[in-house]
Amino acid sequence: MTRRLAEVAARSGVSEATVSRVLNGKPGVSESTRSRVLTALDVLGYERPTKLRGERARLVGLVLPELQNPIFPAFAEALGSHLAQFGLTPVLCTQTAGGVQESDYVELLLEQQVAGVVFAGGNYSQADADHRHYDRLVNRKLPVVLINAAIDDLPFPRVVCDDASAMEQSMEHLLSLGHERIGLVLGPRDHVPSERKLAAAREVAAAAGHELDEELVVRSLYSLQSGQASAARLIERGATGIVCASDPLALGAVRAVRRARLATPDDVSVIGYDDSAFMAVSDPPLTTVRQPIEAMARAAVQFLMSQVDASIGPVDELLFEPELVVRRSTGPARSRPVTAKS
């Protein structure tokens, strides 16, 4: 018992006397301190006293923007596997258009007294989005980890696939195939990962002696339909290669090429991002940038567990190197401009 008190006290940053008061249900302890002690108890794998067991299961919230994009179920599976090694159970929270939003899930998870929260693809990646619900998590000192790039103002550790490297690999691949009219299908202008990709594309183009044509940069929602509409505009503007910010966008681009009565890659090469499930068996198999999901999930859980004892900095960003996987959706550029066939 003495050893347990010492370990919980060290992890939560309070005295052993305070830990004892919490475990025995004594008054005189603030709610935030009480929450920190109980979180430390859960993270260390100790059973709660009987009278406290009903207050919170050993749960961790996984807040995702959707499940239609296969990359998010893949992250959820990998995160769940690593959480299980610590005796923690994921609570999957998926946002819906016009329905439950990220801020709603934050309130729900706080009510459930979860041990921590992992976000992927949330409001934190958009500068103009509402970020007020993150303040609740900061005030509660709840362990939180963000997957992929975020705005600078949030004091949460981030596990990030290097967007600049992903774009560099994609652009250099198309340039090596002779493409000069390269189009980009990116997220909104306030989307941090997309802005990192755009900055990298400009640098690669400049290094190759080109200037990135801004009319070949299209902003899009992250869906197959948006990818198709965006790529159709790029094809009309003469793009021979298209780099997309997600695999669903890239599949939409391939569909747009077909709708224009052209072929991929004979007329237009297409590159995706994520290397999510089934991209190797799409038609044609998709050249895409692979995120190291397993390694990123492992790091995210390690970040989550280490926050209790303050062993990491408040705004750490851990970058992971992506890998370009070349398949059959990219090929040499045609010598003449691409035009849609009537």
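Overview of the structure. (Residues numbered from 1 in each chain as written. Predicted model: local features only at pLDDT ≥ 70, side-chain atom pairs only at ≥ 80, totals over all residues. Heavy atoms only, no water.)

**Examining the packing of aromatic side chains**
Formally: To pair, rings of Phe, Tyr and Trp, with the six-membered ring standing in for Trp, must have centres within 6.5 Å; the planes then decide the type, stacked if under 30 degrees apart, edge-to-face if over 60, and tilted in the middle. A simple rule labels every residue: compare its accessible area, found with a 1.4 Å probe on the protein chains alone, to the largest value its type can have, and call it buried under 20%, exposed over 50%, or partly exposed in between. Helix and strand assignments follow DSSP, with helices taken as H or I runs no shorter than four residues and strands as E runs no shorter than two, numbered in order from the N terminus. A ring is scored as having a charge over it whenever the NZ atom of a lysine or the CZ atom of an arginine sits within 6 Å of its centre and within 35 degrees of its normal.
On inspection of all chains with the given rule, the structure shows 3 aromatic pairs. Aromatic pair Phe119 and Tyr124: ring centres 6.5 Å apart, planes at 70 degrees, arrangement edge-to-face. A residue is classified by how much of its surface remains accessible, and Phe119, at 0% relative accessible area, is buried. When the centroid spacing of 6.2 Å and the interplanar angle of 70 degrees are considered together, the rings of Tyr134 and Phe156 count as edge-to-face. Of the two residues, Tyr134 sits in helix 6 (residues 132–139) while Phe156 sits in the loop between strand 4 (144–147) and strand 5 (158–161), which places them 22 residues apart along the sequence. Comparing Tyr134 with Phe156, the two get one shared label, buried. A network of ring pairs unites the aromatic residues Phe119, Tyr124, Tyr134 and Phe156 as a single cluster. Sitting above the plane of the Tyr273 ring, Lys197 keeps its charged end 4.0 Å from the centroid.

**With respect to the sheet that holds strand 6 (residues 182–186)**
The condition is simple: A pair of strands is considered paired only if DSSP assigns at least 2 bridges between the two. Lines fitted to the C-alpha atoms define the axes, with helices restricted to the stretch that makes contact. Angles between their N-to-C directions range from 0 to 180 degrees. Here a residue-residue contact requires only that any non-hydrogen atoms of the pair lie within 4.5 Å.
If you trace the 6 strands from one edge of the open sheet to the other, you get 7-6-8-9-10-12, paired in mixed fashion. Every other strand in the sheet has two partners, leaving strand 7 (217–219) and strand 12 (323–325) as the edge strands with one partner each. Averaged over all pairs of adjacent strands, the angle between their axes in this sheet comes to 20 degrees, without regard to strand direction. Of the strand pairs in this sheet, strand 9 (residues 269–274) and strand 10 (residues 287–290) are connected by 4 bridges, and their pairing is parallel. Directly across from Ile271, in strand 10, lies its bridge partner Thr287. Seen against the sheet, helix 9 (residues 224–236) touches strand 6, strand 7 and strand 8 (241–244) and runs at an angle of roughly 160 degrees to strand 7.

**Quick look at helix 3 (residues 31–43)**
Definition in use: Any helix carries an expected span of 1.5 Å times its number of residues minus one.
Helix length check: helix 3, at 13 residues, gives a terminal C-alpha distance of 18 Å against a target of 18 Å (1.5 Å per residue), a fit within 8%. For helix 3, every residue scored as buried is listed here: Thr33, Ser35, Val37, Leu38, Thr39, Ala40, Leu41, Asp42 and Val43. Its buried side turned inward, helix 3 meets helix 1 (2–12), helix 2 (16–23) and helix 11 (293–306).

**What about the sheet that holds strand 2 (residues 89–94)?**
The 6 strands lie next to each other as 2-1-3-4-5-11, forming an open sheet whose pairing is parallel. Looking at which strands have only one partner, the edges of the open sheet turn out to be strand 2 and strand 11 (317–320). Going across the sheet, the axis of each strand differs from the next one's by a mean of 20 degrees, ignoring polarity. As judged from the 4 bridges shared by strand 1 (residues 59–64) and strand 3 (residues 116–120), these two strands associate in the parallel manner. Bridge pairing in strand 3 places Gly61 opposite Val117. Strands in contact with helix 4 (residues 71–84) are strand 1, strand 2, strand 3 and strand 4; relative to strand 1, the strand with the most contacts, it is inclined by about 165 degrees.

**What about the pattern of salt bridges?**
Here is the rule: The rule for a salt bridge is simple: a side-chain nitrogen of Lys or Arg has to be within 4 Å of a carboxyl oxygen of Asp or Glu.
Taken as a whole, this structure holds 13 salt bridges when the rule is applied. Of the charged contacts in the structure, one is a salt bridge between Asp213 and Arg181, with a shortest N-O distance of 2.6 Å. Of the two residues, Asp213 sits in the loop between helix 8 (192–207) and strand 7 while Arg181 sits in the loop between helix 7 (163–176) and strand 6, which places them 32 residues apart along the sequence. A salt bridge links Asp267 to Arg334; its shortest N-O distance comes to 3.1 Å. Placement of the pair is Asp267 in the loop between helix 10 (247–259) and strand 9 and Arg334 in the segment after strand 12, with a sequence separation of 67 residues. Asp267 gets classed as buried once you look at its relative accessible area, which sits at 7%. Look at the salt bridges and you will find they share partners, linking Asp275, Arg290, Glu323 and Arg327 into a network.

**A closer look at the pairing of strand 3**
Formally: Think of it like this: strands point away, you trace from the first strand over the helix to the second, and a clockwise trace means the crossover is right-handed.
Most of strand 3 is tucked away, with 5 of its 5 residues classed as buried. The two faces of strand 3 match: Gly116, Val118 and Ala120 on one face and Val117 and Phe119 on the other face are all buried. Pairing between strand 3 and strand 4: 4 bridges, direction parallel. Each bridged residue has a counterpart across the sheet, and for Ala120 the counterpart in strand 4 is Ile147. Tracing the backbone out of strand 3, into helix 6 and back to the parallel element strand 4 gives a crossover that is right-handed.

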